[in-house]
Amino acid sequence: MHTEAATVDRNTSEPIEDPPSGYEIMARLYAGPRATLYRAIRRQDGTRVVLKTSRHQRATPRDIADFTHEQTVLARLSDAPVIAALGFEIAHDRPWLVLEEVEGQPLDRIAARYRAPEQALHLVTRVAEVLAQVHQRGVVHRDLKPEHIIVLDDGRVRLTGFRIASLLRVDAATTTVQGTLAYMAPEQTGRMNRPVDKRADLYAFGVLLYELLTGRRPFEGADPLEWIHAHIAQAPVPPQLVDNRVPPSASAIVLKLLSKQAEDRYHSATGLQRDLERCVDQLRAGSAAPFALGTDDAPDEFRVSRRLYGREMEVAKLLAGFERARSCGSSVVSLVGGYSGVGKTAIVGALYQPIVRERGRFVSGKFDQYKRDIPYATIVQAFRDLIRDILTEGEASLADSRDRLRSAIGGNGRVIIDVIPEVELVVGAQPPVPELAPAPAQNRFELVLLAFVRTFARIDHPLVVFLDDLQWADGATLGVLQVLARPGEVPGLQLVLAYRDNEIEAGHPFQHCVDAMHAAGADVDLVPVRDLRPEDVSTMVADTLLRRSDDPAIQALAGLIGTKAGGNPFFVNELLHAFATRGLFAFDPDRRAWTWDARAMRAGNVTDNVRDLLVDRLRSLPETTRRALEFASCFGSRFRLGTLAAVLDRGADETAAALFVALDEGLVVAADDGFGDERSYRFHHDRIQQTAYLLLADAERADIHLRIGRFLRARLNASAGGLLFDVV
C-alpha cells in the first residue's frame, strides 16, 4: 500500500531513481508536484517500506528543510496511530524519508463503502480519536483530507501527509496558502488575518464528513479565488437537505465544524469524538432526535478569544470606504489612528470577508522604525504579496494578469522589476530602460507604479492596500501615496493607512502627506480607534473563560483587568496570558468553563505596566531564545534567519531552535517575504520588539548595530549591490 496515493503509477515515463544504499525499489507508487513515492525492500531484513523523496533531481534547501520537518513531526508522533517514519537520510543530493508500509487504502479510494450514515459516522469517530491523539502531542495537521486518512484492512485508521504540519500551539496569520484548497479552513487561506490552530483541522474534518455523508463537498471552486471565496463567504447547504438519510444531529455536527469563526467550532477533537459516538449510538438504537452539541467538549489549553469587540462604528466606516472605492471612479483613503496595541490591525481584518465576497484583493505592508532610510521598502513588500497571489492562481487568471500588466507597463517593465523582481515571473524578461537623473527617474517610477496598481485595482475587482505604522513612513512612499490618492487616478482602490496618532504632530511628514491629499480633493476618511469600553472588556473576558458576561464574577475580574489594562486590547491579552502562565486559571469540566482564584489575582505580583509585563515574559524565556530576540530587535520588526545567525555567530539550525520557543509563545511569527529558501520572521507586535531592544545595554546595542552593518555591507558587495530590503 501507500502513504500518499495507493496505486502504482505505471504510466509515467520518468526513470526510477537510485535509492539510498540498503534499499531496493520495487515500483513507483506516486509522482506528485513535490514528492515521489516508491515501494521498496530494506535489504537488511527484507522489510517492505515506502521511500519518499523530492521531485527535484537536485534538492533545493527548501526541499531538504521540508523533509527534515516532516521527519521531526513524525518523530513527535512515534507512539500515535500515524504512518511511521523508519528512517531519514540524504542520498544522491536528495532527502529520502523511509516510511512504514501498511495494509490498507486511503479513504478517497474507498469512500463509496461508507456512504450509509451509520458506516460514515462509525468511521469518522475513529478518525476523530486518531486526530485527538495527534493534537495531544502538539501537532496540527493542516492538510487533513481523505487522501491522508488510511483505513487499514482490520478497520483501524492511520493518518499520513504531515509535510506542512505545525508543531506550534498557534500558527500566526499568514498570507501564504498552504494545504489543499477544498479542505482549507478560512483562517488558512491567508485572507482572514487570523491565527491557525488545531481548530483548522476540525474545519477540514467537517468538509470530509460532509463529503462522506452526502457524496459531494460543501463547496466547489474552479480556481483558488473561488475556493477562498467559498470558505470565507459562502454558507454550506445543511447535509440533511442534500441527503434526507443524514440524521439531524449529524448535520448539526457538520455545520458546527464548518463555522467560519474558529471559536464557534469544537474546542477539541475529543469533544467532537464524543458527539459522533452519541450519533452512532442513536442510529443503532433507531433514534434520530437532535441533542445539544459539545456537552463533553472541553478546551485542552487556555486561549484568549480572538473575536473583535466594541468596534462596530470603526468597522462600519472602513466598510463604507470600501463600498465607495468599488462603486465610484476614484480611490478612497481610510486613516486608522490610535495608540499602540489598541487593535488597529484587528479592525482592518474586518475587511477580509467583503473583499473576498467582491472578488477583490488585499495586500499589506508595515513600516519599520529602524528602516526609514530605505525608500519604497514597505509598499514593495505589499505588492510582492500581490504578485505571489497571482502566481498561485489558475492559468487563465495568470494569463489575464500577464496581458494586463504587459499592456499597462509597456516598455518600462524593468522599472517595476528592479524593485519587485517577482513581476518578471509574470510578464517575462524586460529590456533595460534609459538611465535618468534622480528627479525624472522618480517621476517615471511613480507613473509606472500607478499603471501597475491600476492593473489590479478595478471596480469589478477592488484592491485594498493596508499600510501600518505610517508614523515611520519614508518620504518617497508618502509621495507615492499622494499620487495614488488623487481623485480619479485609481478607481477601485482603498488605501488603509494606520498610524499612532499620539506620535503624529503638526509638521510630521505624514501629516503633510494627509494635508496634501485633502488639498487635492482626495476622498479621505478618519477612523479613530480608542480603548475598549468596560462592557467590551467584560465580553472579551467572558468569551475567553467560556462564561456569561453578566456573571458577577466575570464582571469583577473584568474590572480588575480593565483597571490594569486601561481598555487596551493588547494589554488585556497580555494580562490574561500572564494569569494563565501563573496557573491562576483552571478548567472545570462540570461547568464547562474556566475558574480562577480572584484573591490570588488581586494579591499577585502582576504589574499594571505593559512594558514590565513583557520584560517579565521575555526574561522567563531560555537564555538562547531571549538573546536571539534581543539581537533580532536590532534589525527592526522583521529579520531573516541566516542574517540573525551570522550576527549571533551561531549556526542556522541552533538559531532556528532558539526561535522555535519564541514562535510557540507567539512572540514572533513566520513571515512571508518572498520565494527564497531562507526563513524569515517578524515580531508579533511592535511592543515585543521594542521591549527586547530595551533589554540590551546601550554599549551592547551599539556593538550589535556595528555587527549588522558589517554583515549587510559584505552581503551587498557579494550581491553586486542588490536591493537592501532583500538583504534585511
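Residues numbered from 1 in each chain as written. Predicted model: local features only at pLDDT ≥ 70, side-chain atom pairs only at ≥ 80, totals over all residues. Heavy atoms only, no water.

Considerations on the pairing of strand E18 (residues 680-683)
Here comes step 1: In the sheet, strand E16 (residues 638-640) pairs with E18 via 3 bridges, with the strands oriented antiparallel. The residue bridging Arg638 from the neighbouring strand is Arg682, located in E18. (Pairing = 2+ DSSP bridges. Helix = DSSP H or I, 4+ residues; strand = E, 2+ residues; numbered from the N terminus.)

Remarks on the packing of aromatic side chains
Here comes step 1: One pass over the structure, following the stated rule, counts 13 aromatic pairs.
Here comes step 2: Geometrically, the ring pair formed by Phe639 and Tyr681 is stacked, given 5.6 Å between the ring centres and 20° between the ring planes. Taken together, the residues Phe639 in strand E16 and Tyr681 in strand E18 connect sequence positions 42 residues apart. Here Phe639 and Tyr681 have matching classes, each one buried.
Here comes step 3: Grouping aromatic residues by their ring pairs yields a cluster made of Phe302, Phe579, Phe585, Phe587 and Trp594. (Phe/Tyr/Trp six-rings, centres within 6.5 Å; stacked < 30°, edge-to-face > 60°. Buried < 20%, exposed > 50% of the residue type's maximum accessible area, 1.4 Å probe, protein only.)

Focus: the side chain of Glu446
Here comes step 1: With respect to the secondary-structure elements, Glu446 resides in helix H16 (residues 438-456).
Here comes step 2: No salt bridge is formed by the buried Glu446; its nearest oppositely charged neighbour, Arg486, is found at 6.3 Å.
Here comes step 3: Discounting residues that sit within four places of it in the chain, Glu446 has contacts with Gly479, Val480 and Val483. (Lys, Arg positive; Asp, Glu negative; His and termini not counted. Salt bridge = Lys/Arg side-chain N within 4 Å of Asp/Glu carboxyl O. Contact = heavy atoms within 4.5 Å.)

Quick look at the sheet that holds strand E6 (residues 104-106)
Here comes step 1: The 3 strands are arranged E6-E7-E8 in an open sheet whose pairing can be described as antiparallel. Two strands in the sheet have a free side with no partner beyond their single neighbour: E6 and strand E8 (157-159). Ignoring which end each strand starts from, the neighbouring axes of this sheet average 25° apart.
Here comes step 2: Of the strand pairs in this sheet, E6 and strand E7 (residues 149-152) are connected by 3 bridges, and their pairing is antiparallel. Among the inter-strand pairings, Pro106 is bridged to a residue of E7, identified as Ile150.
Here comes step 3: Packed on one face of the sheet, helix H3 (residues 117-136) meets E7 and E8 and runs near 45° to E8. (Axes fitted to C-alpha atoms, helices over the stretch in contact; angles between N-to-C directions.)

Some thoughts on the sheet that holds strand E11 (residues 463-468)
Here comes step 1: Spatially, the 5 strands line up as an open sheet ordered E10-E11-E12-E9-E13, and their pairing is parallel. This sheet does not close on itself; its edge strands, each paired only once, are strand E10 (361-366) and strand E13 (523-528). Mean inter-strand twist for the sheet, computed between neighbouring axes without regard to direction, equals 15°.
Here comes step 2: Pairing of E10 with E11, which is carried by 6 bridges, proceeds in the parallel orientation. By the bridge assignment for E11, Ser364 is matched with Phe466.
Here comes step 3: Packing of helix H9 (residues 312-327) onto the sheet brings it into contact with strand E9 (332-337), E11, strand E12 (493-499) and E13, and relative to E13 it is tilted by some 165°.

Regarding the pairing of E11
Here comes step 1: Within E11, 6 of the 6 residues are buried, which leaves it mostly tucked inside the rest of the structure.
Here comes step 2: Residue alternation in E11 divides its side chains into two sets, Leu463, Val465 and Leu467 and Val464, Phe466 and Asp468, and both sets are buried.
Here comes step 3: The pairing of E11 with E12 spans 5 bridges and is parallel. Within the sheet, the bridge partner assigned to Leu463 lies in E12 and is Leu493.
Here comes step 4: At this point the chain moves from E11, through helix H17 (residues 475-485), to the parallel E12, and the crossover so formed is right-handed. (Right-handed = clockwise from strand over helix to strand, strands pointing away.)

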